[in-house]
Amino acid sequence: MPAEPVSDAPGAAAVLPAEGAVPRPQGAAPGEAHRPTPRAGRSRRRLRLVARYLLLTLGALVVLLPVYLTVVNSLLPEPALAHQPPYLYPSHAQWQNYSTAWVGGHLSIYLRNSVIQTAIIVVGQLVTSILAAYAFAFLRFPFRRTLFLLFLSTLMIPFEVTLITNLDTITSLGWYNTFAGLTVPFLATGFGTFLLRQAFLQIPRDLQEAAALDGYGHWRFMTRVAVPLARPSVAALAVFSFLGAWNQYLWPLVVTGNNNAVRTVQIGLKLLVGTNVSSVNVTLAGTVIAVTPLLILLIVFQKQLVRSLTAGAVK
Amino acid sequence: MASVVSRRSQRLREAVLGYLLILPALAVFGVFVFYPFARNFKLALYQTPPFPGLPSHYVGLHQVGQVLTSSNFLQSLLTTIFFVVLVVPAGLLLGLFLAVAAHRHLRGIAVYRIIFSSTVVSSVAVAALVFGTLMNPVVGFLPWLGINPHPPILENTTWALPAIAVMAVWQFLGLSFIIMSAGLSSLPEEVLEAARVDGASSWTTFWRVTVPLLSPTLFFGVVVATIYAFQTFGQIDILIGSQNAAYEHVNVLIYNVYTTLQINGDPGRAAVLSIALFLLTLTLTLVQMRFLERRVSYAS
């Protein structure tokens, strides 16, 4: 995730208005002044509303059509896939496609691996980001600014530039095809440090002084005051890390080997295409299985996700 | 005296604590970002021997020149630029369009918003499989609509790249929608209101008021979309691959780095290619900052 040029204004990233958080009295105002008669105005407004809903529904259909057809095809028996005209709903649903994908595609192993890999990365990124962001926000030490810029510069280096050497490093550490190899390169994030530092900078100085008077050391202040107050940003980072880790593709592809010890579900999906257990319908059943955890995540944590994805988008 | 000493030692302790707290992240960055970044430049100067096991030898800038003038690189560069042109404007405009449409407090709008942002959770593998089926010459939807070129879309030298671009636009749409929506909801409502009171039509208001006010968001969107397009890899790997007839026509730089490294086993060339990709990304981002920021009008 690239960041905008960093402004020093505290909370530039942290206080984004969540989408739709503020109610706006929009539909009411336009055209009030110059509508011809009340009745004509009202019917025109109704027409506009209908047009807007039609437009929204059309957009939703375009976005969802590929997903819908995937679900339909994942339920059809194989011969039905080539049927012309295509089935637009699963007229004879064949649920065992899902069990075939689950068993034959080793999806339970891949999903378990993905859960472990993602958990390590999310927890690791949260811990390293909280610690570093706390230091950058609350502690004074020489070269603090330079070091912070160094952290930010990692956002400018795309992963593929480091790929070649990282593969060598992981191999020489003996971490090829292990969870360590899969996760350790991602245990720190410049973006996360930036996001949390901005949130920490919003905490009033008085609070810190009051805590110091109460005999709070840095550790207690961090765990009892700073992190709880920055919870929205911490949650946003967690969701963001989760999404990034779960959907990783290039690194797991090069760093995992032929047995399925640590392969993640994304690589599992790629392999599902090639193996003989799979016909298209089974592959698609596997796809649905792989994406379901994330859809649930989206619906539950929409606010946090939006907050993390738009950090830097608005000033 | 004692207080001076204790203050100094307190300072020292604060500094030590500061370094300790940033150490874990710094260690990871050092080993897995900065070191490989620096070493990449060195690798670019060494030629990989034709047979494995032999030591690679120093050739200096010779290899850099060789790679950068090779037809493989030039075609890869053109493909990448073409891909960016296909993906970035379409992805951003569609996202903006949906965000504007959904920027009203209507009944059920939350459902539409979730749908529009939903593609953000789809991984490359998921997007690839979903669209791979849609574009399958036997299964499917497109033959029914009469779209069934020979050779099939994903082996077709003309259509393979646009097909990947459609997939990328779809996958990027969720993020585009989220970014644009956040931008819209941060606009100062009074200005838009004033435009309406002045009798401006919604069309005029949109182009003359909303778009200029939104320009920081649009600018951010262009940078994010360009980087996203540069990094599109998984769809190509899953749906096309290096054995495909259309391979040469979809061999964008990042895929070229991967095939050069993993399939041809040539880290030297791969390093040159990855540096080229990095410099391209960096330059474009800087140029965009320069040119776009000049036109951007910041609301606050």
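The following paragraphs examine the structure supplied in this document.

Tallying secondary structure elements over chain B gives 13 helices and two strands in all. Buried positions account for 54% of the 300 residues belonging to chain B. Sequence separation of at least 24 residues holds for 68% of the intrachain contacts in chain B that already meet a minimum separation of 6. A total of about 13900 Å² of accessible surface is found on chain B, and carbon and sulfur atoms cover 67% of it.

With that settled, the discussion passes to the environment of phenylalanine 172 of chain B. All names here are of chain B. With respect to the helices and strands, phenylalanine 172 occurs in helix H7 (residues 160–185). Classification of phenylalanine 172 by relative accessible area gives buried; the value is 2%. Placed 57 residues apart in sequence, phenylalanine 172 and alanine 229 show a C-alpha to C-alpha distance of 9.1 Å. Apart from residues lying up to four places away in sequence, phenylalanine 172 is in contact with Gly91, Leu92, Val224, Ala225 and Tyr228.

Let us now look at the packing of aromatic side chains. Residues and elements named next belong to chain A. Summed over all chains, the structure comprises 31 aromatic pairs over all chains. Each ring, one from phenylalanine 186 and one from tryptophan 251, has its centre 6.3 Å from the other, and the planes form 75°; the classification is edge-to-face. You can see phenylalanine 186 sitting in the loop between helix H7 (179–183) and helix H8 (190–201) and its partner tryptophan 251 sitting in helix H12 (residues 250–255), a full 65 residues away along the chain. Residue classification places phenylalanine 186 among the buried positions, given a relative accessible area of 14%.

With respect to the helices, strands and loops of the structure, serine 274 of chain B is situated in helix H13 (residues 267–295). On the basis of relative accessibility, which here comes to 0%, the residue serine 274 of chain B falls in the buried class. Engagement of the side chain of serine 274 of chain B in a polar contact is seen with the side chain of asparagine 40 of chain B, the distance being 2.7 Å. Excluding residues that lie within four positions of it along the chain, serine 274 of chain B makes contacts with Glu160, Val161 and Ile164 of chain A together with Asn40 and Val257 of chain B.

Quick look at the pattern of salt bridges now. For the structure on display, the rule yields three salt bridges over all chains. A salt bridge links arginine 140 of chain A to glutamate 14 of chain B; the shortest N-O distance between them is 3.9 Å. Taken as a pair, arginine 140 of chain A in the loop between helix H4 (107–138) and helix H5 (144–153) and glutamate 14 of chain B in helix H1 (residues 2–43) lie in two separate chains rather than in one.

This part covers the interface of chain B and chain A. Contact with chain B, which involves 102 residues of that partner, is made by 105 residues of chain A. Carbon and sulfur atoms supply 73% of the area that chain B and chain A bury against each other, a total of about 9200 Å² over both sides. Arginine 39 of chain B is paired through a salt bridge with aspartate 168 of chain A; the nearest N and O atoms lie 3.3 Å apart. In this assembly, chain B and chain A are joined by 15 residue pairs in polar contact (both at pLDDT 80 or more).

This brings us to the packing of helix H4 (residues 109–117) of chain B against H7 of chain B. Helix-helix packing is described using two parameters, namely the angle between the two axes and the distance between the axes. All names here are of chain B. The contact between H4 and H7 brings their axes to 7 Å, and the two run at 130°. Relative to H7, the element H4 lies oblique. Only Leu173, Gly174, Phe177 and Ile178 of H7 make contact with H4, whose side of the interface consists of Arg113, Phe116 and Ser117. Tallied by class, residues from the contact of H4 with H7 come to four nonpolar, two polar and one charged.

By size, the foremost hydrophobic cluster in this structure holds 181 residues, and its most contacted members are Tyr134 and Phe200 of chain A together with Phe83 and Phe116 of chain B. The biggest single contributor to this core is H7 of chain B, with 17 residues. Ignoring anything within four residues of it in the chain, the contact list for phenylalanine 200 of chain A reads Ile130, Ala133, Tyr134, Ala137, Phe138, Ala226, Val227 and Ala230 of chain A. Membership of the second largest hydrophobic core comes to five residues, among which are Leu76, Ala80 and Leu81 of chain A together with Val139 of chain B.

Turning to helix H10 (residues 218–229) of chain A, a few remarks are in order. Residue and element names in this part refer to chain A. Taken residue by residue, H10 has Phe221, Met222, Val225 and Ala226 as its buried positions. The arc that holds the buried residues of H10, viewed along the axis, is 130°, so those residues lie on one side. The exposed residues of H10 that point more than 90 degrees off its buried face are Trp219 and Arg224. Taken together, the buried residues of H10 touch H4, H8 and helix H9 (205–213).

Moving on: the environment of glutamine 171 of chain B. Residue and element names in this part refer to chain B. With respect to the helices and strands, glutamine 171 occurs in helix H7. On a C-alpha basis, the gap between glutamine 171 and valine 124 in space is 7.9 Å, while along the polypeptide they are 47 residues apart. Excluding residues that lie within four positions of it along the chain, glutamine 171 makes contacts with Thr119, Val120, Ser122, Ser123, Val124, Ala127, Tyr228 and Gln235.

This part covers unusual backbone geometry. Excluding glycine, most residues fall at negative phi; most peptide bonds, likewise, are trans. Residue and element names in this part refer to chain A. Phi at histidine 106 takes a positive value of approximately 55°, unusual for a residue other than glycine. For histidine 106, the location among the structural elements is in the loop between helix H3 (96–104) and H4. Taking the relative accessible area as the measure of exposure, histidine 106 reaches 36% and is therefore partly exposed. Even without a glycine there, the phi angle at phenylalanine 143 is positive, about 65°.

Right, let's talk about the packing of helix H11 (residues 231–246) of chain A against helix H14 (residues 280–300) of chain A for a bit. Residue and element names in this part refer to chain A. Where H11 contacts H14, the two axes come as close as 12 Å, and the packing angle between them is 165°. Accordingly, the angle class assigned to the pair H11 and H14 is roughly antiparallel. Once H11 is placed against H14, the crossing between them reads as left-handed. On H14, the residues touching Val239, Phe242, Leu243 and Trp246 of H11 are Ala290, Pro293, Leu294 and Leu297. Residue composition of the contact of H11 with H14, grouped by class: eight nonpolar, no polar and no charged.

Turning next to a nonpolar patch on the surface. On the surface, a nonpolar cluster with roughly 690 Å² of combined accessible area is contributed by Leu65, Tyr68, Leu88 and Tyr89 of chain A together with Trp144, Leu145 and Ile147 of chain B. Take leucine 145 of chain B: it is sitting in the loop between helix H6 (141–144) and H7.

Parameters and conventions
Residues numbered from 1 in each chain as written. Chains lettered and ligands numbered in written order. Predicted model: local features only at pLDDT ≥ 70, side-chain atom pairs only at ≥ 80, totals over all residues. Heavy atoms only, no water. Helix = DSSP H or I, 4+ residues; strand = E, 2+ residues; numbered from the N terminus. Buried < 20%, exposed > 50% of the residue type's maximum accessible area, 1.4 Å probe, protein only. Contact = heavy atoms within 4.5 Å. Areas by Shrake-Rupley, 256 points an atom, 1.4 Å probe, with all protein chains shown as cover. Phe/Tyr/Trp six-rings, centres within 6.5 Å; stacked < 30°, edge-to-face > 60°. Polar contact = N/O pair within 3.5 Å; in protein donor to acceptor, adjacent residues only side chain to side chain. Salt bridge = Lys/Arg side-chain N within 4 Å of Asp/Glu carboxyl O. Buried area = accessible area lost by both parts, 1.4 Å probe. Axes fitted to C-alpha atoms, helices over the stretch in contact; angles between N-to-C directions. Parallel < 35°, antiparallel > 145°, perpendicular 65-115°, else oblique. Nonpolar A, V, L, I, M, F, W, Y, C, P; charged D, E, K, R; others polar. Core = buried A, V, L, I, M, F, W, Y, C linked by side-chain atoms within 4.5 Å. Arc of directions from axis to C-beta. Left-handed = near helix turned anticlockwise from the far one by under 90°. Patch = residues over 30% accessible without salt bridge, like charges linked within 9 Å, V, L, I, M, F, W, Y side chains within 5 Å.

These results come straight from atomic positions and should not be treated as a statement about function.
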